[in-house]
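Listed below, chain by chain, are the residues.
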Amino acid sequence: MSEHFYIVITYVVLISVFIGFLYQRVRPHLVAVTGMVFLLIVGAIDTKDMMSVFSNSAPITIACLFIISAALDQTGIIDTLGRFLLKLATKNKYLAIGSMILVVLVVSAFVNNTPVVIILTPVIIVLAEKLKDYPSKYLIPLSYAAIMGGTCTLIGTSTNLVVNS
């Protein structure tokens, strides 16, 4: 078949996979594997290309980071840090903000920064309400601290892993 056919088929599969992810009628990993298998059957990719994806350590490392992040969430370590920040907020507003930034910097260097932000967002909103302030004044520094901490190590953000590999 012609190369243009494979390009069109690849775009159709890419759009279909995106729509599958968007509507979530089927689990995301099944949508992704189905798209890959379809491209393999049609001949747009060969077996060697398909298997080379699994030889890259970045996807496996990213999956492990999500497992570690989920474990930290389930054990309540991040919630404990959040309660600690709330206690500091009653003493000194600036101490609480500085501690939040420091905690997020350190945690996001060793845990994927996206789950850190997601888990700490409700805590920061409660902190802002307790201090009678706008949440955006605390959420933006939270995001920046997570980005900064994530760039400190290779495992802090999945982008570093992808670029490294």
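Small disclaimer: the values here were computed from a predicted structure and weren't measured. (Residues numbered from 1 in each chain as written. Predicted model: local features only at pLDDT ≥ 70, side-chain atom pairs only at ≥ 80, totals over all residues. Heavy atoms only, no water.)

(A) Quick look at the overall build of the protein chain. Scanning the protein chain from terminus to terminus reveals nine helices and zero strands. Order of helices (α) and strands (β) in the protein chain, N terminus to C terminus: α-α-α-α-α-α-α-α-α. On C-alpha atoms alone, the protein chain measures out to a radius of gyration of 21 Å, which is more than a quarter above the 15 Å that the 2.2 N^0.38 rule sets for 165 residues. Each principal axis of the C-alpha distribution contributes one length, and for the protein chain these read about 70 × 30 × 25 Å. The buried share of the protein chain, taken over its 165 residues, is 31%. If you take every contact in the protein chain between residues at least 6 apart in sequence, the share linking residues at least 24 apart comes to 63%. Of the roughly 10,800 Å² of accessible surface on the protein chain, a fraction of 70% belongs to carbon and sulfur atoms. For the protein chain, the centre of its 10 positive side-chain charges and the centre of its 7 negative side-chain charges are spaced 17 Å apart. (Helix = DSSP H or I, 4+ residues; strand = E, 2+ residues; numbered from the N terminus. Rg over C-alpha atoms; globule rule 2.2 N^0.38 Å. Buried < 20%, exposed > 50% of the residue type's maximum accessible area, 1.4 Å probe, protein only. Contact = heavy atoms within 4.5 Å. Areas by Shrake-Rupley, 256 points an atom, 1.4 Å probe, with all protein chains shown as cover. Lys, Arg positive; Asp, Glu negative; His and termini not counted. Charge placed at Lys NZ, Arg CZ, Asp CG, Glu CD.)

(B) Main features of the nonpolar core. The biggest cluster of nonpolar side chains holds 24 residues, and the ones touching the most others in it are Met 100, Val 104, Val 116, Leu 120, Ile 124, Leu 127 and Leu 142. Contributions of two or more residues to this core are made by helix 5 (77-91), helix 6 (93-110), helix 7 (113-130) and helix 8 (136-150). Per-element tally for this core: the top contributor is helix 7, with seven residues. Ile 124 has contacts with Met 100, Tyr 138, Leu 139 and Leu 142, leaving out every residue within four places of it along the chain. (Core = buried A, V, L, I, M, F, W, Y, C linked by side-chain atoms within 4.5 Å.)

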